[in-house]
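Understanding the architecture of this molecule
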Amino acid sequence: MSGFKKLYEKAVAMDRVNVDTDQIIPKQFLKRIEKTGFGRFAFFDWRFLKNGEPNPEFELNFPENQGASILIANKNFGCGSSREHAPWALQDFGFSVVIAPSFADIFYQNCLKNGMLPIQLQTDEVEYLLKAAQNQPYFLHINLEEEKVEDDQGFVATFTIHPYWKKMLTNGWDEIEITLQYSDKIADYEKVVTK
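Under the criterion given, the structure shown has 16 aromatic pairs. Where Phe93 meets Phe95, the ring centres are 5.6 Å apart and the plane angle is 35 degrees; that geometry is what we call tilted. Owing to a relative accessible area of 26%, Phe93 belongs among the partly exposed residues under this scheme. Ring plane angle 80 degrees and centroid distance 4.9 Å describe the contact between Tyr164 and Trp165, whose orientation is recorded as edge-to-face. Here the aromatic residues Phe29, Phe41, Phe44 and Phe48 are joined through ring pairs into a cluster of three or more. The ring of Trp46 is capped by Arg16, whose NZ or CZ atom sits 4.3 Å from the centre of that ring.

Given below as structure tokens:
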């Protein structure tokens, strides 16, 4: 995973409440065994019409919204089943940060474990961002070290993240990489136990 301390990236709005994981990555695509390649199926039922053509009314299909890596969403984002494929799909689609007033707990944890930053802000702050992102291009500064979100028009908001996850994200570590940092101690322990 790649770590970051600061980002300055394009943000887009998806002003929908209760976006569940089955909308983020529909169940028919969960048969894949790879961890990559899910981006082309993200929001599939919303992105595409029944004939397979892109849905021109879906906000992430708008030409001005292309190339964003920050998704601004609404309440209860990531609800539904606890599929880890949801953050995989969002990341593969190009998002590294999701901002919302609330997240489903398991989705929030799955984001962190997979190197994606979920930022929870106050409802009025997200309402401002959802409206501001209607005027594209719209960019946000994400400062993970200072736990701050800013735009170029004077908006500033702070968020909180557990120090453990902040360290993981800034260094680009996952939990396997943390464990491997103790490989010498693990090997020493195994020598003692197997005697």
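Structure's up, so let's keep going.
This brings us to the nonpolar core. Residues Phe43, Phe77 and Ile99 are the most contacted members of the largest nonpolar core, which totals 59 residues. Contacts of Phe43, omitting those with residues within four sequence positions, involve Met14, Val19, Gln23, Ile24, Phe58, Leu60, Leu71, Phe77 and Leu90.

Here we take up the pairing of strand S5 (residues 139-143). Direction of pairing for strand S1 (residues 6-13) relative to S5: antiparallel, over a ladder of 5 bridges. Its bridge partner lying in S5, Leu7 is registered against Ile142. Connecting the antiparallel pair S5 and strand S6 (residues 148-151) is a turn made up of 4 residues, with Glu147 showing a positive phi of about 55 degrees.

Time to look at the packing of helix H3 (residues 85-93) against helix H4 (residues 105-113). In the contact formed by H3 and H4, the axes pass within 8 Å of each other and the chain directions differ by 55 degrees. Judged on the interaxial angle alone, H4 and H3 are oblique. In this structure, the crossing between H3 and H4 has a hand that is right-handed. Across the interface between the two elements, Ala86, Pro87 and Leu90 from H3 touch Phe107, Asn110 and Cys111 from H4. Across the contact of H3 with H4, the residue classes break down as 5 nonpolar, 1 polar and no charged.

Attention now moves to the environment of Leu121. Along the polypeptide, Leu121 turns up in the loop between strand S4 (117-120) and helix H5 (123-132). According to the relative accessible area criterion, Leu121 is buried, its value standing at 4%. With 68 residues separating them in the primary sequence, Leu121 and Glu53 have C-alpha atoms 35 Å apart. Residues contacting Leu121, with those up to four places away along its chain left out, are Ile99, Ala100, Pro101, Val126, Leu129, Ala157, Thr158 and Phe159.

This next bit is on unusual backbone geometry. In this structure, the amide linkage connecting Gln136 to the following residue, Pro137, adopts the cis form with an omega of 0 degrees. The phi dihedral of Asn18 is positive, around 55 degrees, even though this residue is not glycine. Looking at where Asn18 falls in the secondary structure, it is placed in the loop between S1 and helix H1 (21-24). Here Asn76, not a glycine, exhibits a phi torsion of approximately 60 degrees, which is positive. The topology assignment puts Asn76 in the loop between strand S2 (70-72) and H3.

By the definition in use, this model includes 4 salt bridges. The closest approach of N and O atoms between Arg16 and Glu59, which form a salt bridge, is 2.8 Å. Highlighted residues: Arg16 in the loop between S1 and H1 and Glu59 in the loop between helix H2 (44-47) and S2, separated in sequence by 43 residues. A relative accessible area of 26% places Arg16 in the partly exposed class. Here Arg83 and Asp22 are joined by a salt bridge, their closest N and O atoms 3.0 Å apart. Note that Arg83 is positioned in the loop between S2 and H3 and Asp22 in helix H1, a separation of 61 residues in sequence.

Definitions and limits used
- Residues numbered from 1 in each chain as written.
- Predicted model: local features only at pLDDT ≥ 70, side-chain atom pairs only at ≥ 80, totals over all residues.
- Heavy atoms only, no water.
- Phe/Tyr/Trp six-rings, centres within 6.5 Å; stacked < 30°, edge-to-face > 60°.
- Buried < 20%, exposed > 50% of the residue type's maximum accessible area, 1.4 Å probe, protein only.
- Lys NZ or Arg CZ within 6 Å of the ring centre and 35° of its normal.
- Core = buried A, V, L, I, M, F, W, Y, C linked by side-chain atoms within 4.5 Å.
- Contact = heavy atoms within 4.5 Å.
- Pairing = 2+ DSSP bridges.
- Helix = DSSP H or I, 4+ residues; strand = E, 2+ residues; numbered from the N terminus.
- Axes fitted to C-alpha atoms, helices over the stretch in contact; angles between N-to-C directions.
- Parallel < 35°, antiparallel > 145°, perpendicular 65-115°, else oblique.
- Left-handed = near helix turned anticlockwise from the far one by under 90°.
- Nonpolar A, V, L, I, M, F, W, Y, C, P; charged D, E, K, R; others polar.
- Salt bridge = Lys/Arg side-chain N within 4 Å of Asp/Glu carboxyl O.

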